[in-house]
Protein chains: 2
Amino acid sequence: GVGADSDLYINQAIVFIEDAIQYRSINHRVDSKSLWLYRWYYSRTCQWILSLTITVILALAFIEEPSSLTVTSDVRYRLPAWNPPCGLTESIELLCFLVFAVDVSVKSYLIGWKEFWKNKWLMAYILTLIVSLTDWIVSLSFFCKESVRVRRILRPFFLLQNSSMMKKTLKSINSTLPEMASVVLLLAVHLSLFTMFAMLLFARTKDNQQDKEWVVYFRNLPDSLTSLLVLLTTANNPDVMIPAYSKNRAYSIFFILFTVLGNLFLMNLLTAIIYNQFRGYLLKSVQSSLFRRRLGIRAAFEVLSSLKETPASAQQSCVSVGALLQVLQKVEMDSRCKQAIMRSLKMCSCDQLSAAQFQKLFEELDKDAIKQHPPSPEYQSYFMQKLQFAFGHPYFGYLGNVVALANIISICVVLVMDADKQPSERDDFFLGAINCFFILYYLLEMLLKILAMGLKRYLSYPSNRFDGLLTVILLILEIATFAVYGFPHPGWRPEFMGLLSLWDMVRLVNMLIVFRFLRIIPNMKFMALVVTTLLDLVKNLRAFAGILVVVFYAFAITGIMLFKGAVVPLGNTRYFNFLQGAQKNSKAEFTGSCVHISLWLTQEILYFKEKKVISWCSAHFQAGVIYCLLYVLSVHLICRWAKIYFVAWWLISSVIWVNLFVALLLENFIHKWDRRCQRESLSDIEYQRTVELMFRDVLEEPTEEELMEKLHQHPHLQLCR
Amino acid sequence: GVGADSDLYINQAIVFIEDAIQYRSINHRVDSKSLWLYRWYYSRTCQWILSLTITVILALAFIEEPSSLTVTSDVRYRLPAWNPPCGLTESIELLCFLVFAVDVSVKSYLIGWKEFWKNKWLMAYILTLIVSLTDWIVSLSFFCKESVRVRRILRPFFLLQNSSMMKKTLKSINSTLPEMASVVLLLAVHLSLFTMFAMLLFARTKDNQQDKEWVVYFRNLPDSLTSLLVLLTTANNPDVMIPAYSKNRAYSIFFILFTVLGNLFLMNLLTAIIYNQFRGYLLKSVQSSLFRRRLGIRAAFEVLSSLKETPASAQQSCVSVGALLQVLQKVEMDSRCKQAIMRSLKMCSCDQLSAAQFQKLFEELDKDAIKQHPPSPEYQSYFMQKLQFAFGHPYFGYLGNVVALANIISICVVLVMDADKQPSERDDFFLGAINCFFILYYLLEMLLKILAMGLKRYLSYPSNRFDGLLTVILLILEIATFAVYGFPHPGWRPEFMGLLSLWDMVRLVNMLIVFRFLRIIPNMKFMALVVTTLLDLVKNLRAFAGILVVVFYAFAITGIMLFKGAVVPLGNTRYFNFLQGAQKNSKAEFTGSCVHISLWLTQEILYFKEKKVISWCSAHFQAGVIYCLLYVLSVHLICRWAKIYFVAWWLISSVIWVNLFVALLLENFIHKWDRRCQRESLSDIEYQRTVELMFRDVLEEPTEEELMEKLHQHPHLQLCR
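Residues numbered from 1 in each chain as written. Chains lettered and ligands numbered in written order. Predicted model: local features only at pLDDT ≥ 70, side-chain atom pairs only at ≥ 80, totals over all residues. Heavy atoms only, no water.

**Student:** Any chance you could explain the overall build of chain A here in plain terms?
**Tutor:** Secondary structure summary: chain A contains 32 helices and two strands in total. Sorting the 721 residues of chain A into buried and exposed places 52% on the buried side. For chain A, the share of sequence-separated contacts (at least 6 apart) that also reach a separation of at least 24 residues comes to 76%. Carbon together with sulfur atoms contributes 66% to the accessible area of chain A, which is approximately 34000 Å² in total. (Helix = DSSP H or I, 4+ residues; strand = E, 2+ residues; numbered from the N terminus. Buried < 20%, exposed > 50% of the residue type's maximum accessible area, 1.4 Å probe, protein only. Contact = heavy atoms within 4.5 Å. Areas by Shrake-Rupley, 256 points an atom, 1.4 Å probe, with all protein chains shown as cover.)

**Student:** Honestly, helix α6 (residues 120-141) of chain A in this entry has me stumped. Any pointers?
**Tutor:** A turn of α-helix holds 3.6 residues, and therefore any two residues three or four places apart point the same way. Residue and element names in this part refer to chain A. With 22 residues, α6 should reach 32 Å at 1.5 Å per residue; the first-to-last C-alpha distance of 32 Å fits that figure. Among all positions in α6, only L122, Y125, T128, L129, S132, D135, W136 and S139 are buried. For α6, the angular spread of buried residues about the axis comes to 150°, placing them on one side. Among the exposed residues of α6, those oriented more than 90 degrees off its buried face are K120, L127 and I137. Its buried side turned inward, α6 meets α4 (88-111), α5 (113-118), α7 (150-154) and α8 (156-162). The backbone nitrogen of W121 has a side-chain oxygen 3.1 Å away, supplied by the residue at the start of α6, namely N119. A positive backbone phi angle near 55° is found at F143, which sits one or two residues after α6. (Expected span 1.5 Å × (residues − 1). Arc of directions from axis to C-beta. Polar contact = N/O pair within 3.5 Å; in protein donor to acceptor, adjacent residues only side chain to side chain.)

**Student:** Sorry, what's going on with the environment of I137 of chain B here?
**Tutor:** Residues and elements named next belong to chain B. As for its position among the elements, I137 is in helix α6 (residues 120-141). Using a relative accessible area of 51% as the deciding quantity, one classes I137 as exposed. Sequence spacing of I137 and N248 is 111 residues, and the spatial spacing of their C-alpha atoms is 65 Å.

**Student:** What exactly am I supposed to notice about the pattern of salt bridges here?
**Tutor:** Side chains that differ in sign of charge can pair as their charged atoms come close. Tallied over the entire structure, the rule returns 32 salt bridges over all chains. Beyond isolated ion pairs, a larger network of salt bridges with shared partners links E90, E93, D135, R151 and R155 of chain A. (Salt bridge = Lys/Arg side-chain N within 4 Å of Asp/Glu carboxyl O.)

**Student:** So what exactly am I meant to see when it comes to the packing of aromatic side chains here?
**Tutor:** Each aromatic ring pair is described using two quantities: the centre-to-centre distance and the angle formed by the ring planes. For the structure on display, the rule yields 53 aromatic pairs over all chains. Residues F97 of chain A and F158 of chain A carry aromatic rings whose centres are separated by 6.4 Å and whose planes lie at 55° to one another, so their mutual orientation is tilted. Highlighted residues: F97 of chain A in helix α4 and F158 of chain A in helix α8, separated in sequence by 61 residues. Since its relative accessible area comes to 1%, F158 of chain A is described here as buried. Between F254 of chain B and F255 of chain B the ring centres are 5.1 Å apart and the planes differ by 85°, which places this aromatic pair in the edge-to-face class. Here the two residues F254 of chain B and F255 of chain B agree in accessibility, since each one is buried. The rings of F194, F197, F202, Y251, F254, F255 and F258 of chain A are connected pair by pair, giving a single aromatic cluster. One Lys or Arg, R29 of chain A, reaches over the ring of Y109 of chain A and ends 4.4 Å from the middle of that ring. Stacked on the ring of Y442 of chain B, the Lys or Arg R516 of chain B has its end atom at 3.7 Å from the ring centre. (Phe/Tyr/Trp six-rings, centres within 6.5 Å; stacked < 30°, edge-to-face > 60°. Lys NZ or Arg CZ within 6 Å of the ring centre and 35° of its normal.)

Below, the structure written as structure tokens:
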């Protein structure tokens, strides 16, 4: 019937507008039931359940064997990690798989059969699920005793496929790969030629005293390659040169040449290439988002214009205001935008909207939300007005900063004076007293500001919220301290009792005070610019961070699988246990390897094997170096795999990811800087800037033809014309 | 008289055109005598003498006390360095000072008294000379026994003031300083806030087992600051975290936060800022060079047009062709350009040249020198033509590359097989035989190519020159080997005799073969692009490298002065001598400190004090660790100064210079890349590209008004109109 038809059109328009708001693709089924399913699938609850499932399945690694999530990482003190019984984590996994199965079937259904075959991500999703389920069945049939669990390495895929931003970023990275591969090839050529040179230069001689360089670093091809690869990371920088240098200074030329060519030129060339490839990345991605938005709006217009309420007289298709109002009421969107659109719709005198007018209405979505602070209260009394003027003045804020600085300095002085004192000699009277004074001042400042600005206006500034929250916490802590330990008096000793001793309380208060000092940031122009750039960067970097998590996870799991139980017992059992623990601790442990790996973002990784293990061992056990040497020996046995693993890790995390990060930072910062110079005059208006807005003046609006062509290619929507 | 006047004008024109060619400023005296002096001053001989003087005075540090330029740097084996008698280096210095005095007086005279007062560089030059001379007199009156020699630190100034490029670059760096200072300030704030946090977090506790973190890294304010500063360079990356991490894993959050904020964000922000500031640097510098060239040509035109040979009828001033020819014959310039200009001057039918025509003539200077290879010889015989086709074909070159690769691989195989053999077990027969075969092939290849291309055409390709030269050297080496040791036969033992044993000969040949393999570079497209970018970069980087030399020199000399004799004798005399030597060796020695410092471009520096010294000592002496601990202790005594010195060094060389380098590389590479995409089709023509040419299509031509305004501001030239 006509009513059902018009209901369908209305629903289609609602979904298309929601697609436009969320920058989603409109290529999905558009019949009534599918639309209901679509809205249900993209409802907050469903998406939240999906995210939760992904988080849960990723977090499982922290409690699964061989993880050891304990407070301390010191094998001497730590309790054995909780080992979940067989079947617990597996049943959680099964639940997650079920959710994913529902997810993949809904997604596949919604895009339709024909599109499904073109969508490689969905196929890979199904494949991953099948492999995971098979592995799960194998696992259960071995009663969780099997050693290789393929499905763990596949887990990060679930995170990857759920985010369109991450998929897009991955595509971008993929397109940079050929150039990166060229530079990596160049690096490899550089490395191998210099390795041959080195082997010819530092050959074995008759005199054993003279060929230290050969013995330590260039004994054979793998050793030479490793030495120079490590030199490329600069981790063994002066060491590798010193035996040769002490024989003849001229040998240093070789090492300097290698370092300058490899490290200064080729490595930075990689940065240049990646930056060059990524220069248009942000702009392109924002441009495609804009296209999706315009397309969604246009699709909504087209389906609404098919509603036959309108006179079919005009060649131009139109949409009636009433239908649009009906749609708008059901669309889920930001209430501010909705109201603005409604308002301009009512102000518009006409009854019919053309395509251009329709688009124009929804441009409200792209606009900056200019933040307006509520007005200050107006006081009658002259005295109150004076007070309001005084405490609303920026100088009062500056005074607050000065006081905070004074507080920091006083804490610093006390810290320096108390640095070498025994805990029993300490007297917290002085610090307690001055902190008490300062916190009272902070409270006063907050109250006076609220008086001057009114509570609403006060809270509308983020810096005030930060300030006020910390002041309240400090006040509560201080009151709690006084309630338990009394007021500060000479000999107010920091006693060690329970969870929160006076000593801990005072330290916590001090830390919060140091943290509160960050309120000065918005007052310094350059700092504010830098901080906003960094915040922007964090927003844009979410996709990158996601990919990094994926890579971390895969590396950590691979590391566990590779190095688990690889240590051969060499000493007696007691030390064997130690070594086992140490090895587990440093490599085959999820928590540890995540943290370690994240700290090895820098060039330390490759040197680890020789130097760091020893220092780590001696720091950890203090039981002498001999066990550590045993340990290093055992690591050497698995050295080949470890080498490949660490080189891969170094290339991906340290070289490529850091360079990608630098490229994005350059891109972001330079855009921001250029804009800053243009908008200097407007800087007093607070914008809630998004990436889209940053590029607004360089974006191209899609043309009508492009939009209509795309609409006609829609696999499920049959437009009348 | 009129003749004298016209001679003067001709001479002025000559000098102005030479200024234009060399991109020099034209603001100098223009009377006859001054012009003669000017041409003499900028003659090749004079400039060469000046450069030599600068080199000599800088090189003096290598032989002056306390330098120790010996072959080995190992204190156990090395002979005492040659100590020049008092007065030798001093008299060389005096000679240099005299040359500089002449230089500064000529320069001052030529720019004129009024300009002199505006020129800060010249004033600083004179001041430096006066201070140096005073210091020299003091030095002689103490019979070279004085400890502080200020004039040594001032020496790099002579290098700096002599290069206009370096002065310009320094100005650019100077304008970047405010932004850099902001980021460095931000880093300092970051560091100090985290230091306070760390001191509160890792405070001393009652349990001595528990506060390892406090004992080792956060004992007091300077220690904490150092620990975190070193963490910023990532040199102590996992170490500093491990005691706390083994107590409670949550502590790692602190370190990760610090590293990510400081190292990933703030450090890379510095790169972004420096790149942002330097984005226009190359373009601006090339633009100003272009302006100088146009100005010089225009000035030549103006003075030639004052020659009253021309009829004064036209309002437009003109230059007669005859006068220009007269000038051109005397101008020193590239003969190719001169001929091209002469040719177009003769082709021009007119007798008088307007300003525009005059400028157009000299545009030949800006043009690419399109390199034309001489033609191949034409053979009559059909057989010879066939041969010429076969060996002139690119495939013959590829075959040569394949053979070179095979040679490399065979050397590599022999190296791997011989890696662990004692020298006495080695047999060089196999390698000798195959190398002999390969070198014969290389000779044949060279001869056939010469046959096919003719000698002239063969030599016109740089890759052929490289190839041919190496082949000839290899041949000579091989013949010498055979002459001394006979032809290869089984049991052809590498004997150790004298300067060039068979063993050394074979190694040298192998190294040259590896080096010859670089001929493949032009055949790989991406590699060729990268290599040309790097070569361009080296050209543009000369100014930066000069400034780096200045900084290195100043740091090395300061280091010597700070750390000379700072070691307090702790053990008995024998070990004291060792320590003294070690200390001298690692710090208070010019050669050593230059090399060391250049290798410490990376973040190793700050960690040096604690780790590197120990490893260096143990590698060097193998006499046990105890002396090294003594040594470290003595270094700790001078630790404050060393810390400041090394932090300054790290900031300047590692942070700022490397970032400048990256910025320039980005700038160069991105321009090159953009151009490559445009000129893809033209790539078969060989251009001798300069920076000027790279930017040719974006440069703006200066307008007539700008040029004339600048000409009228000339302090010495009075134009008629």
